[in-house]
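# Analysis of the macromolecular model
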Amino acid sequence: MSTVAVRVRKRKGFGLGLVAWLAGIVFFLPIAWMALTSFHSEQDAATNPPSLLAPLTLDGYREFFGAGGGASPWPSLINSTVASVASTLLVLLLALPAAYALSIRPVKKWTDVLFFFLSTKMLPVVAGLLPIYLFAKNVSMLDNIWLLVILYTSMNLPIAVWMMQSFLSEVPVAIIEAARVDGAKLPTILARVVAPIALPGIAATALICFIFSWNELLFARVLTGVVAETAPVFLTSFITSQGLFLAKVCAASLVISLPVLAAGFAAQDKLVQGLSLGAVK
């Protein structure tokens, strides 16, 4: 390779790196600003233009956790955790055998089956809100956390099957045939052969389903009240007729976002590896 070509490649690499850094900064700035505002008093947070050098305080976090006599966020955080974790586990248990049937042991017209799964996501959520509300009311499941678990499972299952099908299609069939020859049954093959090989893809699918469930607001807002209230619904309670308390809302938003951010940070290598699985052959 000539010296000119090397220089051109280095310049392109530098340009792409610079664009990536700029894009990262643009996406990170709102989060950094929200974090900084959460440590300001309400008076400093409401100033225009904003005061960057204002004194820092933990009042917003104290009020969020009920120090000022407000409602405690712990029941809502626990409800969100239960709904998100339980629905994600159910999605994985149902999506893994379905993806296995569509990839390693393909059924006839499996592409039509995948399209049917994905087409269920094309229906606007609000279009199914009234029938689901009436059904929940008739079976006495309003304000029930397990209703949200069922809904989140059904909402995330199509995208999970779609993702895991592409991941499982990369599993060598010869390994599965060898396990079958050794007498392994389907549950053993899924648990001890397929799952370890497709672990990055399973982790990526689980993380995305967890994020979707944790952030869901519409169904939780309409179908829950006090007992099954989730964290996003609790967050909306800070916007009242008395005004918008910016510092407290930023503190609440940061705390509620921490589980998703922590999960994404902990599984970032699996997420990148899983989402890029099969991209390079």
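Everything in this summary refers to the structure shown in the same document. (Residues numbered from 1 in each chain as written. Predicted model: local features only at pLDDT ≥ 70, side-chain atom pairs only at ≥ 80, totals over all residues. Heavy atoms only, no water.)

When a protein is soluble and globular, its nonpolar side chains tend to lie buried together. Within the largest apolar cluster, 28 residues are counted, with the highest numbers of intra-cluster contacts made by L168, I176 and V194. Looking at this core, the element that brings in the most residues is helix α4 (residues 74–103), giving 7 residues. When sequence neighbours within four positions are dropped, the list of residues in contact with I176 reads Y100, I104, V171, I189, V193 and V194. Counting 15 residues, the second largest nonpolar core, distinct from the first, contains Y61, L77, F234 and V260. (Core = buried A, V, L, I, M, F, W, Y, C linked by side-chain atoms within 4.5 Å. Buried < 20%, exposed > 50% of the residue type's maximum accessible area, 1.4 Å probe, protein only. Helix = DSSP H or I, 4+ residues; strand = E, 2+ residues; numbered from the N terminus. Contact = heavy atoms within 4.5 Å.)

Turning next to the layout of surface pockets. Taken as a whole, the largest pocket spans an internal volume of roughly 410 Å³. In this structure, the largest pocket is lined by 18 residues; those nearest its centre are T120, L123, V125, M155 and F219. Sorting the residues of the lining of the largest pocket by element identifies α7 (145–168), α10 (199–215) and α11 (218–223) as the ones contributing at least two each. Broken down by element, the residue count for the lining of the largest pocket peaks at 6 residues, all from α7. Split into classes, the residues belonging to the lining of the largest pocket amount to 11 nonpolar, 5 polar and 2 charged. Considered as a void within the structure, the second largest pocket measures approximately 230 Å³ in volume. Lining the second largest pocket, in full, are I31, M34, W214, N215, P232, L235, S253, I256, S257, V260 and L261. Those elements that provide at least two residues to the lining of the second largest pocket are α1 (3–38), α10, α12 (231–236) and α13 (246–266). Taken together, the residues of the lining of the second largest pocket sort by class into 8 nonpolar, 3 polar and no charged. (1 Å grid on protein atoms, 1.4 Å probe; cavity = no way out; pocket = protein on both sides within 12 Å on 5 of 7 lines; lining within 4 Å. Points joined across faces, edges and corners; volume = space filled by probe spheres on them. Nonpolar A, V, L, I, M, F, W, Y, C, P; charged D, E, K, R; others polar.)

On to the packing of α4 against α10, then. Contact pair α4 / α10: the axes reach a minimum separation of 9 Å and the direction vectors enclose 140 degrees. Looking at the two axes, α4 sits oblique to α10. Considering how the two elements wind past one another, α4 and α10 form a crossing that is right-handed. Residues L77, S80, T81, S84, V85, S87, T88, V91, L92 and L96 of α4 form the contact with α10, whose own contacting residues are I202, T205, A206, C209, F210, S213 and W214. Residue classes in the contact of α4 with α10 are distributed as 10 nonpolar, 7 polar and no charged. (Axes fitted to C-alpha atoms, helices over the stretch in contact; angles between N-to-C directions. Parallel < 35°, antiparallel > 145°, perpendicular 65-115°, else oblique. Left-handed = near helix turned anticlockwise from the far one by under 90°.)

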